[in-house]
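Per-entry structural report
Spelled out from the first residue to the last, the chains are:
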Amino acid sequence: MNTAAGPECPRFRVPWALWSLLVLLSPGRLWAIHDEPKCTWQVVLNKFQTVGKNDGNDPFFDQELGDTVNSLFDLLVAMPFHEEEYYMGFPYYLKINYSCVVEASEAQVRKGFLTGLKPMVLVTFQPSVNFNHWKLEQLQIEMEAAPLRSKEHCNEEEMCTMSWYTPMPLKNGSVVMYVDISSNGLGPFIPSKRFQVNINGFLKRGEDKRPKFTVGTEHFNLRPQYFVKVPSRPLWYTVGQAPVLILGEIPKEKYILLTDSSFKDIFLVELSIDSCWVGSFYCRQSKFTATIYDTIATESTLFIRQNQLVYYFTGTYITLHGSHNYGSESWVRVLSSECIKRLCPVDFHGNGSEYIIALTAGKHEGYLHFGTISDGKVSFEMLPRKQSVCRELQVTICSITWAIYIENEQNLLLLVEIEDIFSRKSSRVVRYNLITDYLAILYTIPEFIPDAQGLEFLMILGTESYTTLPMVPKGMSYNPFSHLLFIWGNFLLQSYDNENFIFLADFPVELSIKYLVNSFRGEIAIVTETEEIWFLLEGSYRVYKLFPSRGWEAYSRLELMHQSTLYTSKETMVTLFYEDRNLYQLVYLENNPRGELVKRLVPVEHILMYHQLSSPIVLQQEEDHVELSFINFCPFTKMHLQNLPKQQIYSRQERYRVRPPRVLHHSAFHSQNSLAIYQGLVYYLLWLHSKYDKVGTWWQGADYYYYLASNWQTAGKVHIDMDNYHKVHDFKTEHQLPERIYLDKGNSYSFSIFLNIRGYSFKSHLNPAQLYQAQSSVDLGVVVADPGCIEVIVKQEVFVNRNSVLFQITLRDKRFCFDQAVSGHNYMKTSMLVKVVGSTGYCFQKTDQGPRMQGNLMVPVLIGCPPGKRLAFDITYTLDYSSLKNKHYFDCVRVDPEMPCFLFRNMFYPFFLIQDLVTGDSGSFQDSYVLKVVGGGPTLDTIREYSEEEIYRFNSPLDNTDSLIWMAKNSTVSKNSPFSIMSHQNLGIEWLCLENSPCHDTVPQSIFAPEFFFKLLVSNKGVDKSTYCDYQFTFLLHVHGLPLSAKRAIFIFMVTAGVFLSLVCLYITFCLLLPLMLKACDSLRWKINNVIASDSYYTYSSSSKATLENKSSSVFKASSKAEPEGRVRKSLA
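Every value quoted in this text rests on a predicted model; they were computed, and no experiment measured them.

Definitions and limits used
- Residues numbered from 1 in each chain as written.
- Predicted model: local features only at pLDDT ≥ 70, side-chain atom pairs only at ≥ 80, totals over all residues.
- Heavy atoms only, no water.
- Helix = DSSP H or I, 4+ residues; strand = E, 2+ residues; numbered from the N terminus.
- Contact = heavy atoms within 4.5 Å.
- Areas by Shrake-Rupley, 256 points an atom, 1.4 Å probe, with all protein chains shown as cover.
- Buried < 20%, exposed > 50% of the residue type's maximum accessible area, 1.4 Å probe, protein only.
- Disulfide = S-S within 2.5 Å.
- Pairing = 2+ DSSP bridges.
- Axes fitted to C-alpha atoms, helices over the stretch in contact; angles between N-to-C directions.
- Patch = residues over 30% accessible without salt bridge, like charges linked within 9 Å, V, L, I, M, F, W, Y side chains within 5 Å.
- Salt bridge = Lys/Arg side-chain N within 4 Å of Asp/Glu carboxyl O.
- pLDDT = per-residue confidence, 0-100.
- Phe/Tyr/Trp six-rings, centres within 6.5 Å; stacked < 30°, edge-to-face > 60°.
- Lys NZ or Arg CZ within 6 Å of the ring centre and 35° of its normal.
- Polar contact = N/O pair within 3.5 Å; in protein donor to acceptor, adjacent residues only side chain to side chain.
- Core = buried A, V, L, I, M, F, W, Y, C linked by side-chain atoms within 4.5 Å.
- Parallel < 35°, antiparallel > 145°, perpendicular 65-115°, else oblique.
- Left-handed = near helix turned anticlockwise from the far one by under 90°.
- Nonpolar A, V, L, I, M, F, W, Y, C, P; charged D, E, K, R; others polar.

The subject of this paragraph is the overall build of the protein. Scanning the protein from terminus to terminus reveals 13 helices and 74 strands. Restricting the contact set of the protein to residue pairs at least 6 apart, pairs at least 24 apart contribute 63%. Roughly 55,500 Å² of accessible area belongs to the protein as shown, and the carbon and sulfur atoms make up 54% of that amount.

Encoded structure:
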């Protein structure tokens, strides 16, 4: 008989002793002979002072930008950038190297550099929780690393040690960064690698200028008693948002494990808490201990529980809270009057906040404290608000065992244990709504474990038989994307609606689950009280045992044979967690007296492949011999994703691409100055992005500067190429589904899955047209979490000649499950699961990173307004259209290119654009909107905001107080809104400025007509049915030529007429009196001249007579003196 997996063949069992031989002799698809990559990337952080040093590795806690970079730009006089701008620098650089097993790292790095290797660095900024303060965007920046020689002493002429460097950019609102390092395709093959580079806000610089922890004291001795024979514990944190992770439960010590790099670097810290262990009559403690329990990390705050006390510590994150908030100075004790028995994490943030749940005991048994963390501020509220859960359920004794918060519904799911008067215990799942304060029982957990012998799962209907083993529920786990709820204990129940549950019979009832680890992408790991590890895929009911297992044992033995440093014969698991859909262990290795903590990948795929080898083997008869082969239960040989749309449209990922400045030196090595210039360029690029500016406006005269650089005439020996700094709008579509899919109203996402079928798996059937049609026996299933909100259409196309089948899948939003919201705010979480029937645990794809599971695809879907979309005023088309309709256009006397004027008496025809900042697309807004004047003033300095009552009077056509500023030419008014509804077809605004409006009777500021600046608000909320986006923005409009009021016009006319008549009268009077005045002036002048002339005559006569007398006396004296002289001269002669 033929099956989808292939023809049935004879089988026999192989003894366990032959398994190692089978592993080594099996085909190349097996993991045992797969060559692991020999080289791997290494990344550390360097401050500017440690750049070029071989051993520099600085912690990431400084967040202040440096201003020393700008001085270097002042020296670059011939560069294509704006010299008047101010360039800042980031505090850190990324230092990049790689190491190989077979050769010395330094020699390998030199070899890679000389063969053209250039590391490519992709930094992904995780958006902030508080989308009200910071813009929610998926931003990446791709940088090419710059080579730099080491400063250390070297005997070689050219270089000994080198590294590559890029700036480590900071972005406001982001404290978690993912750094992906890849090769440019030249030089040695080095697989891509991802690092987490997070800001540690719990460090500060001490008096000795060295970094130290603010939460406690760091210790360096990892003693074995801290980890050996100590049970593992769950790692709790806000998924994707916590830069620092912590782990407690170190016996009898106030120690925690702390990491800011996802356990690449691990610190042992003793907390500086007061450890007040005072009990009370309502909080009885059987024993007290220094051990830290229930550690939870959020974006900026750490929570711990010690005994019945809860503490929190807020880190210093300037990029989140600004420079005014410096975090906590010490641990803060909260709920000090309560007896807290457990902290429950809330995995995802919502509504701009993070959450935490504290379960109480003692006097407030049956209540819980719901904590909210917003901008580092912590507040708690006791719930239920009216009365306890016990009273609501009308029972005397009850206890809340676990609590889950579902943010989309604002519901709390409570696992409540009830004890009746006969001391019999039972458990219920209870829902409490935070808005309505309504509490209801969703499900009553059976008292005993169902009898599901021989089944993989059992639907709990109440009619099934039960065993005598009691059900002991311990906790719950919830995936907000798939809406899958698990209740776990010594059993495993799952439900998609929180009311109807399925019992997973594959999990042994002899075991008890300690905690679940969810990837929220379809994979779930289970850790039992005996430290066993089990694995489950959503959409499947089979549970796989990973550890201990024969597959794990074989894999670890092979790793020890390869002398791997990640495996030893003595080891203890500390925790288990998911990172980038990969399952990791934190393990304590007893390989030396001090021991070592390492993070290693759990080989899930390898172990599942090994499980296939444990199935019966097939002996196939060939011509003259019998061949040993394994049955491959995977229904297909290859699986490809095809016809994928442009990824950027749906993933909303924005990316910038930059290259370092070109160094004009024959060695092509950079210097510290050129790296600092690189910092300034990256900073300015991100600054332009934050201002919604165009990067192209940064550059000027590129050809001229390229000419200078090509002739090595550039100042500073550095050339900046304008083409190396731009935004990427055309991502290459990868052959995989995006990390997430954003869907706006009515949008759809389509792709295809191409399967090469194993064996002959086709059959024919007669269609309604009486024609035979080929049909594949390989089926594809698609599960959507919210079938009432999204739908999936699957079409199958069979290619018999190619032994393959093509499935075309279309995911579409149904248009009525979400209200309008601002771009990037309050998404509805849902998901799509695509599964090839029969592929779970059997189908794998060989990759450079090892085998990967195939046939199970889960992608989160976020319904709402996608990030990066906004509404903008189309000033260019508005001017052109208004000029066309009004037959003319008059600008202001003082022309402002940034803010053109519009004439008051002309009709105003506004047009708007929908701009997609992610893809770069822009188009005319064609739907309905509401326009309101929300502020204004006669000058830019006097603009004021209007109150809600004023906005109604100034804008509503229903107003009867003569206060309207404007009136729409063609518009409608809905029942829900008192304002005019406008659209692309119905536009045209007539300015009114009635008597009681603020623009009425505007006083002119000069001799020209009055002007007014209107602040306009445009919103489509409630009137546009085509999108989930609440487009809302404000802009200023400059209107000139406003008319004067009648009173002011009459007043100005009267004043002007009075002044004019006065001038006329003055002129007439002046003309009539002018001849008389001239005659009088002439007479007066003649008299004055006569007086002057007579005075001059008498003065002249008297002065002449005196002159004659003086002259005669002088002559007489002169003659008397000259007489003896003549006599002397005469005698001498």
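Past the structure itself, the notes keep going.
This paragraph deals with helix H7 (residues 604–613). Among the ten residues that make up H7, nine are buried, leaving the element largely enclosed by the rest of the structure. Val604, Glu605, His606, Ile607, Leu608, Met609, Tyr610, Gln612 and Leu613 are the residues of H7 that are buried.

As used in these notes, a disulfide is a covalent bond between sulfur atoms, one from each of two cysteines. One pass over the full model with this rule turns up seven disulfides. A sulfur-sulfur distance of 1.7 Å marks the disulfide that ties cysteine 892 to cysteine 901. Here cysteine 892 and cysteine 901 share a disulfide; its torsion about the S-S bond, -95 degrees, makes the bridge left-handed. The exposure class assigned to cysteine 892 is buried, which follows from its relative accessible area of 5%. Classification of cysteine 901 as buried rests on a relative accessible area of 1%.

In any sheet, the strands associate via hydrogen bonds between backbone groups, in a parallel or an antiparallel arrangement. Across the sheet, four strands lie side by side as S52-S62-S59-S56; this open sheet has mixed pairing. The outermost strands of the open sheet, each flanked by one partner alone, are strand S52 (741–743) and strand S56 (780–784). Going across the sheet, the axis of each strand differs from the next one's by a mean of 25 degrees, ignoring polarity.

A cluster of nonpolar side chains, contributed by Phe1060, Leu1061, Val1064, Tyr1067, Ile1068, Leu1072, Leu1073, Leu1076 and Met1077, occupies part of the molecular surface with about 930 Å² of accessible area. Tracing the sequence through the fold places phenylalanine 1060 in helix H13 (residues 1046–1132).

A few words now on helix H12 (residues 948–955). Where H12 is concerned, the buried positions are Glu950, Ile951, Arg953, Phe954 and Asn955. Buried residues in H12 make contact with strand S67 (929–937), strand S68 (944–945) and strand S69 (966–968).

Summarising the model, the protein shows a mean pLDDT of 84, and 85% of its residues fall at 70 or more. Scored below 50 in pLDDT, residues 1–37 shows 64 contacts in the model against residues more than four places distant or in partner chains. Confidence drops under a pLDDT of 50 for residues 1114–1133, and excluding neighbours within four residues, the segment shows zero contacts in the predicted structure.

If you walk through the whole model with that rule in mind, you get 55 aromatic pairs. Their ring planes at 70 degrees and their centres at 6.5 Å tell us that tyrosine 952 and phenylalanine 979 sit as a pair that is edge-to-face. Of this pair, tyrosine 952 sits in helix H12 while phenylalanine 979 sits in the loop between strand S70 (972–973) and strand S71 (980–982), placing them 27 residues apart in sequence. Pairwise contacts between aromatic rings join Phe873, Phe902, Phe908, Phe912, Phe925, Tyr929, Trp991, Phe1012, Phe1014, Tyr1031, Phe1033 and Phe1035 into one cluster. In this structure, arginine 600 packs its charged tip against the face of tyrosine 567, placed 4.2 Å from the ring centre.

For the rest of this paragraph, the subject is the side chain of threonine 840. Assignment of secondary structure puts threonine 840 in the loop between strand S59 (828–836) and strand S60 (844–847). By relative accessible area, threonine 840 is classed as buried at 8%. Once residues lying within four places of it in the same chain are set aside, the contact partners of threonine 840 are Leu537, Ser540, Tyr544, Lys835 and Asn856.

What follows concerns the pattern of salt bridges. Going through the model one piece at a time under the given rule, you end up with 29 salt bridges. In this structure, glutamate 365 engages lysine 341 in a salt bridge whose closest nitrogen and oxygen atoms are separated by 3.2 Å. In this pair, glutamate 365 is assigned in the loop between strand S24 (354–361) and strand S25 (368–374) and lysine 341 in strand S23 (residues 339–345), connecting sequence segments 24 residues apart. Exposure remark for glutamate 365: the relative accessible area of 25% places this residue in the partly exposed category. Of the charged contacts, one joins glutamate 579 and lysine 599 as a salt bridge, the two residues approaching to 2.7 Å between their closest N and O atoms. Taken together, the residues glutamate 579 in strand S42 (residues 571–579) and lysine 599 in strand S44 (residues 596–601) connect sequence positions 20 residues apart. Classification of glutamate 579 by relative accessible area gives buried; the value is 11%. Taking the relative accessible area as the measure of exposure, lysine 599 reaches 23% and is therefore partly exposed. Linked by salt bridges that have partners in common, Lys47, Asp62 and Arg205 make up one network.

Looking at where lysine 829 falls in the secondary structure, it is placed in strand S59. Along the chain, lysine 829 and glycine 864 lie 35 residues apart, while their C-alpha atoms are 9.3 Å from each other. Non-local contacts of lysine 829, meaning those with residues more than four positions away in its chain, are made with His349, Glu407, Asn408, Pro480, Phe481, His483, Asp786, Val861 and Leu862.

Turning next to the sheet that holds strand S38 (residues 513–518). Pairing is antiparallel in the open sheet, where four strands are placed in the order S38-S39-S40-S41. In the strand order of this sheet, the two ends are held by S38 and strand S41 (543–547), each with one partner. For this sheet, the mean inter-axis angle between neighbouring strands, taken without regard to orientation, is 25 degrees. Here strand S39 (residues 523–528) runs beside strand S40 (residues 533–537); their pairing, made up of five bridges, is antiparallel. Bridge pairing in S40 places alanine 525 opposite phenylalanine 535. Of the strands in this sheet, S40 and S41 are in contact with H7, which crosses S41 at around 115 degrees.

Residues leucine 383 and proline 384 are joined by a peptide bond in cis, for which omega reads -10 degrees. Inspection of the secondary structure puts proline 384 in the loop between strand S26 (377–383) and helix H5 (389–392). In the segment running from phenylalanine 547 into proline 548, the intervening peptide bond is cis, with an omega of -10 degrees. With respect to the element layout, proline 548 can be found in the loop between S41 and helix H6 (550–561). Not every positive phi belongs to a glycine, and histidine 483 is a case in point at roughly 60 degrees. Among the secondary structure elements, histidine 483 is positioned in the loop between strand S34 (473–479) and strand S35 (484–489). At arginine 815, a residue that is not glycine, the phi angle is positive and equals roughly 80 degrees. Inspection of the secondary structure assignment puts arginine 815 in the loop between strand S58 (804–813) and S59. Accessibility expressed as a relative area gives 41% for arginine 815, which makes it partly exposed.

This paragraph deals with the environment of threonine 530. Counting through the fold element by element, threonine 530 comes out in the loop between S39 and S40. Sequence-wise, threonine 530 and serine 512 are 18 residues apart; in three dimensions their C-alpha atoms are separated by 8.0 Å. At 3.0 Å, the side chain of threonine 530 and the side chain of threonine 528 are in polar contact.

Another point: the nonpolar core. Among the nonpolar cores identified, the biggest contains 102 residues, and Ile141 and Met168 are the most heavily contacted of them. The greatest single-element share of this core, amounting to eleven residues, is contributed by helix H9 (residues 672–690). Core analysis: the next-biggest nonpolar cluster, separate from the first, contains 72 residues, Leu335, Ile373, Ile502 and Phe507 among them.

Here we take up the packing of H6 against H7. Taken N-terminus to C-terminus, the directions of H6 and H7 make an angle of 120 degrees; their axes are 8 Å apart at the nearest point. By the angle class used here, H6 and H7 are oblique. Regarding H6 and H7, the two cross each other, and that crossing is right-handed. Touching Arg550, Gly551, Trp552, Ala554 and Tyr555 of H6 are His606, Ile607 and Tyr610, all from H7. Grouping the amino acids of the contact of H6 with H7 by side-chain chemistry returns five nonpolar, two polar and one charged.

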